[in-house]
Amino acid sequence: MSKNTVNSDFSTREKSQGKAQEKPLINEFVVRFANTNGTGSASANNMFAKAILRMGIPVSAKNIFPSNIQGMPTWYEVRISEKNYLGRRGGKSEMIVAMNAQSIDDDINSVKSGGYLLYDSSRALLDSQIRTGINYLGIPISNICLKEYSDPRQRQLFKNVIYVGALAALLSMDFTLLKGLVRDQFKGKEKLVTPNIYALELGYQYANEHFICPLAIKVESRDLVNNRILVDGNTGTGLGAVFGGATVVGWYPITPSTSVIEKFASYCNRLRIDPASGKKNYAIVQVEDELAAIGVAIGAGWNGARAFTATSGPGVSLMTEFLGLAYFTEIPFVLVNVQRSGPSTGMPTRTQQSDILACAYASHGDTKQVLLFPDSPSECFELGSQAFDIADQLQTPVIIMSDLDLGMNDHLTKEFTWQDDKAYQKGKVLSAEQLDEVEVFGRYLDVDDDGICYRTLPGTHPDKGAYFNRGTSRNHFAGYTEKSADYVDNMDRLTKKFINAINFLPEPEIKQQKVTAQLGLIFFGTTSHPIAEAVEQLKEQGLMVDSLRIKAFPFHQNIEPFIEEHSVNNRQVFVIEQNRDAQMKSLLVNELQIDPNKLASILNFDGLPVTSHFIVQAVLAQLSANQENKKTG
């Protein structure tokens, strides 16, 4: 307990509102910061998370922010877990740092029983805001800033740093690490280092003088990070594009994909400048809309460059006609879709996986697109680079299906690795010498009977290999035709190419018990984050689980046997996804001709990352319903 559980504002009330934790919590709790958007709190909150990480303790951070630029409530959740449970926990938190008067009533109610509310006591709380069973830690942060700083902006910014300093004392954090982080953050801006460290010390000293430190929740140094890094998925995707050989970007900004291009640009500015001439070896073309952005990427891909664009759901809607053009004319490029809540504008700063069907069948007519589903920043890097090889080898668009949670939040992930001797896979591109040896070149001749034809790049040969790209039907030699037989032949070949695409795509990640388990979980992308914890919680309920993570579409052949094995003899298969309409389940049923009754859906679409608790409760509810149906059936 604190020396002063409630501050002097409560001197006339009983000072027993607080309730200590039943037992100390070490390295297993959640700290939730409640701030106001636009107040500079994000960098301070991120510094807190990084300090925990540098103590060797696994950590995950979720920034929950509004689409309004400034003034609205925002939250930053930091989960500390030496068990490596890095999915969003949800529910109430052990520590709330309440710095926003607009949301403080809700923030007080979101403190776990026995937990702590750290708040700015410069303004007294109302009687209605005193809740039994939690501990109030009042620090007059605004008053401290009024005394210490004359500049209004500094007063606002250093509020955030002061509460981080206080948390260092309350949670027994390594204060030396925090000071080191300040020095790292302001490297090259040394004049900012001293005042930030001073603000940390103000909070640290106040907490030590007024409360018993540490609290019943605290951190202890461990060695559990194992060279993992804390980084967001958009950074991984942008850097992956650099290493994947991308040189051209068509860009129209949209949340939450904008930082993919910003990161690509920043890395290119370091890695893609010719040392002799100082000229850039890349082109980023910011255009007037999404149609122009994808048009730039397609044009560059036709010309032989590795090109991409990045967008979110509304942009995909506008790009679908061009996606059909690239599919039908077989021009390679990469589209990064960082999904957000829809339809229409929806909740533009909330996460979802709701563009699955829109992307799998993007464009009118019979069209199927190649999709990749990364689940971590390291996979964003790996698939972000690999996507360009796949696009070139298949001569088709490749869509990377990220989402806001993965793209914009920091995740603990393995270090990015790259083989310097890796050669790009350009696929079936004929050189001038090869064209000289070809008796007859037909752009759409399926010479190898795999659905993938040979192509040429503009200017390769003075008089061989030229052809005209068109969105209309054509024959083997790219000549315009509306003959039914030619059209059917071309569409059948594209189907064959799509089926053979699995030879270029990552296989599902399957984890099975020695004996087939009672439950099968199918998931993809960021739904993988809470799975390990959910599996353990189901095990505690006496339920053994096998799991399959989908990493690409078209689907590999081992997905169907997994479903069949886990949908007989009272077993059950669950498909976990973050959308309302069970889009991945629909895709599995449609493409694999699966009986839909063999798959049960777990659907989370509230805009927040799905939690293990949600998954477990949904599984138990479904199993209970199955038992009731058997009794009444």
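To start, this report covers the structure provided alongside it. (Residues numbered from 1 in each chain as written. Predicted model: local features only at pLDDT ≥ 70, side-chain atom pairs only at ≥ 80, totals over all residues. Heavy atoms only, no water.)

Further remarks concern the pattern of salt bridges. Per the stated rule, a full pass over the model turns up 29 salt bridges. For the salt bridge of E591 with K368, the shortest nitrogen-to-oxygen distance reads 3.1 Å. Linking E591 in helix 18 (residues 583-592) with K368 in the loop between helix 11 (356-360) and strand 14 (370-372), this pair joins segments that are 223 residues apart in sequence. Given the relative accessible area of 30%, K368 is considered partly exposed. With its nearest N and O atoms 3.4 Å apart, the salt bridge here joins R455 to D392. On the criterion of sequence distance, the pair formed by R455 in the loop between helix 14 (432-437) and helix 15 (484-500) and D392 in helix 12 (residues 377-394) is long-range, its members being 63 residues apart. What makes D392 buried here is its relative accessible area of 6%. Among the charged side chains, a network of salt bridges with common partners joins D375, E379, E509, R549 and K551. (Salt bridge = Lys/Arg side-chain N within 4 Å of Asp/Glu carboxyl O. Helix = DSSP H or I, 4+ residues; strand = E, 2+ residues; numbered from the N terminus. Buried < 20%, exposed > 50% of the residue type's maximum accessible area, 1.4 Å probe, protein only.)

This part covers the packing of helix 9 (residues 290-302) against helix 10 (residues 313-329). Axis separation between helix 9 and helix 10 bottoms out at 8 Å; the angle between their running directions is 30 degrees. Comparing their axes, helix 10 and helix 9 come out roughly parallel. Taken as a pair, helix 9 and helix 10 cross one another with a handedness that is right-handed. Contact with helix 9, carried on its side by E290, L291, A293, I294, G295 and I298, involves G315, L318, M319, F322, L323 and A326 of helix 10 and no other residues of that element. Partitioning the contact of helix 9 with helix 10 into residue classes produces 9 nonpolar, 2 polar and 1 charged. (Axes fitted to C-alpha atoms, helices over the stretch in contact; angles between N-to-C directions. Parallel < 35°, antiparallel > 145°, perpendicular 65-115°, else oblique. Left-handed = near helix turned anticlockwise from the far one by under 90°. Contact = heavy atoms within 4.5 Å. Nonpolar A, V, L, I, M, F, W, Y, C, P; charged D, E, K, R; others polar.)

On to empty space enclosed by the protein, then. Applying the stated criterion to the full structure yields 8 cavities of 30 Å³ or more. Quantified by volume, the largest cavity comes out at close to 80 Å³. As for the largest cavity, its lining consists of K62, N63, I64, T349, R350, T351, L404, D405, N409, G607, L608 and P609. Elements supplying a minimum of two residues to the lining of the largest cavity: strand 3 (59-64) and helix 13 (404-408). Ranked by the residues each element gives to the lining of the largest cavity, the list is headed by strand 3, at 3 residues. When the residues that make up the lining of the largest cavity are grouped by side-chain class, the tally is 4 nonpolar, 5 polar and 3 charged. (1 Å grid on protein atoms, 1.4 Å probe; cavity = no way out; pocket = protein on both sides within 12 Å on 5 of 7 lines; lining within 4 Å. Points joined across faces, edges and corners; volume = space filled by probe spheres on them.)

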